[in-house]
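# Report on the structure
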Amino acid sequence: KASKLQYYNNPMWPGETHSLKVEKILYQGKSPYQEVLIFESLTYGKVLVLDGIVQLTDKDECAYQEMITHLPLCSIPSPKKVLVIGGGDGGVLREIARHGSVESIDICEIDQLVIDVCKDFFPDLSVGFKDPRVRLHVGDAVEFLRNTPEGTYDAIIVDSSDPIGPAQELVEKPFFETIARALRPGGVLCNQAESMWLHTHLIQDMLSICCETFKGSVHYAWTSVPTYPSGAIGFLLCAKEGPPVNFLAPINPIEKLEGAMTAGRDIRFYNTEMHKAAFVLPTFAKRELETY
Ligand code: AAT
């Protein structure tokens, strides 16, 4: 029922909007953290919307979930302990499960309602919760990481919403410091890092914080997700000081992992070429982001 003006006034992408034809509203509710909406669209299947912002659709979720997961996990040999922040839909868990080396998968999602409604409406994503290696923690990631012992994880994936609302603190320096502490030497972070078309300043801020915090290596990667604003989304890949990590050429290629391409649902988007290509930046983005 928001007025048209409100739709064009999101501070993350002022003056623009993107619309999908709604065939049927399947769920509408409000948690203590956000408004949750699920609808059936005409062309993208079911859509999950939080506080008016598209988080995923059936049609293009593969691009986001596969890239945010395999970019970090294919960059280190034999990942064992993995943490997911956010990701209550379960899609990233589904992707992590393809890695046979993984022994434990912790997930910290703030909103129980997101988990519950995704179990009802997105079975292809919430299937990720069925893996016996998964341990669910419902709570704020800031608090969770504060209590995580140093050096616990090989990889941390921050699959969080935009930094307005419950994810506000997840782009700030103290948060990145707790992530670095929670990683083992040479451990890796992959963080949802917005669009190079829209959020240069935010990305520059995150890059400069991460370069100070992670002494190993820091890179920006990006991919195409048609239903995210500007049709592109980026990822920040950071390695903690320790055994060197070369994100640009995967040391643990998915094609060589027993059954990984076909386990559960077939991989649709990620492959080693897409991995390498994700780090290739257009000239304007090179200029704006590579000095960091
Ligand atoms: N895989 C779907 C993509 C998402 S969902 C992001 C999730 O992060 C949401 O379920 C939200 O409840 C959770 N979240 C937000 N803040 C916190 C927090 N502080 N602690 C734990 N979980 C949190 C992201 C899509 C990105 C869209 C880009 N425009």
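Calculation notes
Residues numbered from 1 in each chain as written. Predicted model: local features only at pLDDT ≥ 70, side-chain atom pairs only at ≥ 80, totals over all residues. Heavy atoms only, no water. Buried < 20%, exposed > 50% of the residue type's maximum accessible area, 1.4 Å probe, protein only. Helix = DSSP H or I, 4+ residues; strand = E, 2+ residues; numbered from the N terminus. Pairing = 2+ DSSP bridges. Near = heavy atom within 4 Å. Polar contact = N/O pair within 3.5 Å; in protein donor to acceptor, adjacent residues only side chain to side chain. Areas by Shrake-Rupley, 256 points an atom, 1.4 Å probe, with all protein chains shown as cover. Contact = heavy atoms within 4.5 Å. Right-handed = clockwise from strand over helix to strand, strands pointing away. pLDDT = per-residue confidence, 0-100.

## A few points about the pairing of strand β3 (residues 46-50)
Judged by how many residues are buried, β3 sits mostly within the fold: four of five residues are covered. Bridging between strand β2 (residues 35-41) and β3 involves five bridges; their strand directions are antiparallel. If you follow I38 over to β3, its bridge partner there is L48. Here β2 folds back onto β3 in antiparallel fashion, the turn holding four residues, of which G45 has a positive phi close to 70°. Taken together, the four bridges between β3 and strand β4 (residues 53-57) define a ladder with antiparallel strand orientation. Bridging across to β4, L48 finds its partner in L56. The hairpin formed by β3 and β4 contains two residues between the paired strands, and D51 there has a positive phi angle of roughly 45°.

## Remarks on the site of the ligand
Taken together, 27 residues surround the ligand, and among them Q34, D89, E109, D140 and D159 come closest. Between the ligand and the protein, one listed contact pairs a nitrogen atom with a backbone N or O atom of I110 at 3.2 Å. A141 has a polar backbone atom sitting 3.1 Å from a nitrogen atom of the ligand. In isolation the ligand exposes 680 Å². Once the protein is present, 100% of that is buried. Mapped by element, the contributors of at least two residues to the shell around the ligand are β4, α2 (61-73) and β6 (104-109).

## Some points on helix α7 (residues 173-182)
Structurally, the α-helix is built with 3.6 residues per turn, so residues lying three or four positions apart point the same way. The set of residues buried in α7 consists of F175, F176, T178, I179, A180 and A182. Check the buried side of α7 and you find it contacts α6 (141-146), β8 (153-159), β9 (183-192) and α8 (200-213).

## Description of the pairing of β9
The buried count for β9 comes to eight of 10 residues, which makes it a mostly enclosed element. Note: β8 against β9, five bridges, orientation parallel. Following the sheet pairing, V158 is matched in β9 by N191. Handedness of the β8-α7-β9 crossover: right-handed.

## Observations regarding the side chain of T69
Position of T69 among the secondary structure elements: in helix α2. Ignoring sequence-local partners within four residues, the contact set of T69 consists of V92, E95, I96 and I157.

## Focus on the confidence of the model for the chain
For the chain, mean pLDDT is 94; residues scoring 70 or higher make up 97% of the total. Here the predicted complex scores 0.96 on pTM and 0.97 on ipTM.

## A short note on the environment of T213
As for its placement among the helices and strands, T213 is situated in helix α8. A C-alpha to C-alpha distance of 9.6 Å links T213 and R181, two positions 32 residues apart in sequence. Excluding anything up to four places from it in sequence, T213 contacts K173, F176, E177 and A180. A distance of 2.6 Å separates the side chain of T213 from the backbone oxygen of I209, its partner in a polar contact.

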